[in-house]
Amino acid sequence: MSEGWSATVLTLFPEMFPGPLGVSLAGRALEAGTWALEAVDIRSFATDRHRSVDDTPAGGGPGMVMRADVVAAAVDKVHPEGDRRPLIYLSPRGAPLTQKRVRELAAGPGVVLLCGRFEGLDQRVIEGRQMEEISLGDFVLSGGEPAALALLDAVIRLLPGVMGKEVSGEDESFEGGLLEYPHYTRPQNFEGREIPPVLVSGDHAKVKAWRRERAEETTRQRRPDLWEKFLRKRP
Ligand code: SAH
């Protein structure tokens with residue numbers, strides 16, 4: 001990765017970036033040039049006198065729809081032919097984001113993210129530019145920006161050198177198809193609750209087995225969907 005991982009975000013609110021990604025781990029990595037960020041104002045691609053980016057929905061109904069022509073002009077500017085970065089539209093109608101996709105994105109050259117506003121984009125530009133649609137979850141945000149920030153946060157922490165050895169990837173939630181085991185640290189006694197004795201026993205094999213058990217139990221109880229998948233994948 002000689003050129004570094006680069007993100008371009010298309011948004012009506014470029015001032016929201018880097019926002020929380022300008023501090024802590026991501027912020028330091030941004031300063032160090034481990035990744036680069038460019039926020040581009042979609043409105044600068046409006047062509048009419050009023051610089052409008054949206055219009056009323058065909059077929060009627062509430063809200064406004066982002067115009068295909070304006071969005072296409074913005075996309076074509078920042079994602080020219082030959083740009084190997086995936087073009088992603090953050091949308092509640094997209095495929096739910098997974099750690100697997102996050103890892104793939106971290107291993108690639110970067111990403112171009114399109115943030116919707118209002119009721120979303122005219123369907124024809126989604127199809128015409130063959131956008132990948134990704135959702136943050138089954139809820140509705142007022143805009144794609146918080147979703148873009150979350151996606152970038154998840155990817156950036158995996159970039160080489162950003163977190164050091166802390167992200168082995170082996171133990172973390174979702175990596176092995178399970179949620180993670182619970183964590184403890186000093187003090188030994190907190191309001192009458194002790195750290196589980198096995199964790200202070202010094203027996204590494206027992207610690208490992210205990211963590212594995214707790215990960216399985218937590219996944220089974222909290223996420224039957226993940227648990228089913230995990231059982232099916234087990235050799
Ligand atoms: N009318 C749309 C919601 C539009 S919300 C619908 O019902 O499907 C406005 C914008 O917020 C969307 O264009 C999208 O970019 C963003 N957004 C909202 N919820 C999101 C989610 N769960 N994941 C990713 N982006 C989301």
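Not measured: the values here are computed from a predicted model.

Rules used throughout
- Residues numbered from 1 in each chain as written.
- Predicted model: local features only at pLDDT ≥ 70, side-chain atom pairs only at ≥ 80, totals over all residues.
- Heavy atoms only, no water.
- Patch = residues over 30% accessible without salt bridge, like charges linked within 9 Å, V, L, I, M, F, W, Y side chains within 5 Å.
- Areas by Shrake-Rupley, 256 points an atom, 1.4 Å probe, with all protein chains shown as cover.
- Salt bridge = Lys/Arg side-chain N within 4 Å of Asp/Glu carboxyl O.
- Helix = DSSP H or I, 4+ residues; strand = E, 2+ residues; numbered from the N terminus.
- 1 Å grid on protein atoms, 1.4 Å probe; cavity = no way out; pocket = protein on both sides within 12 Å on 5 of 7 lines; lining within 4 Å.
- Points joined across faces, edges and corners; volume = space filled by probe spheres on them.
- Nonpolar A, V, L, I, M, F, W, Y, C, P; charged D, E, K, R; others polar.
- Domains from an automatic or database assignment.
- Near = heavy atom within 4 Å.
- Polar contact = N/O pair within 3.5 Å; in protein donor to acceptor, adjacent residues only side chain to side chain.
- Sits in = over half its atoms within 2 Å of the grid points.
- Core = buried A, V, L, I, M, F, W, Y, C linked by side-chain atoms within 4.5 Å.
- Buried < 20%, exposed > 50% of the residue type's maximum accessible area, 1.4 Å probe, protein only.
- Contact = heavy atoms within 4.5 Å.
- Phe/Tyr/Trp six-rings, centres within 6.5 Å; stacked < 30°, edge-to-face > 60°.
- Lys NZ or Arg CZ within 6 Å of the ring centre and 35° of its normal.
- Axes fitted to C-alpha atoms, helices over the stretch in contact; angles between N-to-C directions.
- Parallel < 35°, antiparallel > 145°, perpendicular 65-115°, else oblique.

Novice: Please explain a nonpolar patch on the surface as it appears in this structure.
Specialist: A surface patch of nonpolar side chains, about 250 Å² in accessible area, is lined by Leu 136, Phe 139 and Leu 141. Relative to the elements of secondary structure, Leu 136 occurs in the loop between strand S7 (132-135) and helix H5 (145-156).

Novice: Just checking my understanding: could you explain the layout of surface pockets for this structure?
Specialist: Gaps between atoms show up when a probe of the same size as a water molecule is rolled over them. As a volume, the largest pocket reaches approximately 750 Å³. Together, 23 residues line the largest pocket, and Thr 98, Gln 99, Lys 100, Phe 174 and Leu 226 are the ones closest to its centre. Those elements that place two or more of their residues in the lining of the largest pocket are helix H3 (99-107), H5 and helix H7 (224-233). The element best represented in the lining of the largest pocket is H7, accounting for five residues. Here the residues of the lining of the largest pocket sort into 10 nonpolar, six polar and seven charged. Mapping the lining of the largest pocket onto the domain boundaries places at least three of its residues in each of domain 1 (5-156) and domain 2 (171-233).

Novice: I keep staring at the site of the ligand and nothing clicks. Help me out?
Specialist: Residues in contact with the ligand amount to 21 residues; listed here are only the nearest, Tyr 89, Leu 90, Gly 116, Phe 139 and Leu 141. Glu 119 has a polar side-chain atom sitting 3.1 Å from a nitrogen atom of the ligand. Between the ligand and the protein, one listed contact pairs a nitrogen atom with a backbone N or O atom of Gly 137 at 3.1 Å. Against a free-state accessible area of 560 Å², the protein chains account for coverage of 86% of the ligand. In this structure the site holding the ligand corresponds to the second largest pocket. If you list the elements that add at least two residues to the shell around the ligand, you get strand S5 (87-96) and S7.

Novice: Teacher, can you tell me more about the nonpolar core here?
Specialist: The nonpolar side chains of a soluble globular protein tend to be buried with one another. Trp 5, Trp 35, Val 111, Leu 113, Leu 152 and Ile 156 are the most contacted members of the largest nonpolar core, which has 29 residues in total. Those elements that place two or more of their residues in this core are strand S1 (5-11), helix H1 (24-32), S5, H3, strand S6 (110-115) and H5. Of all the elements, H5 adds the most residues to this core, at eight residues. Those residues in contact with Leu 152 that lie beyond four places of it in its chain are Trp 5, Ala 7, Val 9, Leu 21, Leu 37, Val 111 and Leu 113.

Novice: Any chance you could explain the packing of aromatic side chains here in plain terms?
Specialist: In this description, an aromatic ring pair is defined by two values, namely the gap between the centres and the angle between the planes. This model, assessed by the stated rule, comprises two aromatic pairs. Plain terms: the ring middles of Trp 227 and Phe 230 are 5.4 Å apart, the flat faces sit at 25° to each other, and that makes the pair stacked. Of this pair, Trp 227 and Phe 230 are both found in helix H7, three residues apart, which corresponds to roughly one turn of the helix. This pair shows no difference in class: Trp 227 is buried, exactly as Phe 230 is. Residue placement shows Arg 220 over the ring face of Trp 227; its charged tip is 5.5 Å from the ring centre.

Novice: Is there a simple way to explain the packing of helix H6 (residues 204-222) against H7 in this structure?
Specialist: The contact between H6 and H7 brings their axes to 5 Å, and the two run at 125°. The angle between H6 and H7 places the two elements in the oblique class. Between H6, through Arg 212, Glu 216, Thr 219, Arg 220, Gln 221 and Arg 222, and H7, the contact on the second element is made entirely by Pro 224, Leu 226, Trp 227 and Phe 230. Of the residues in the contact of H6 with H7, the class split is four nonpolar, two polar and four charged.

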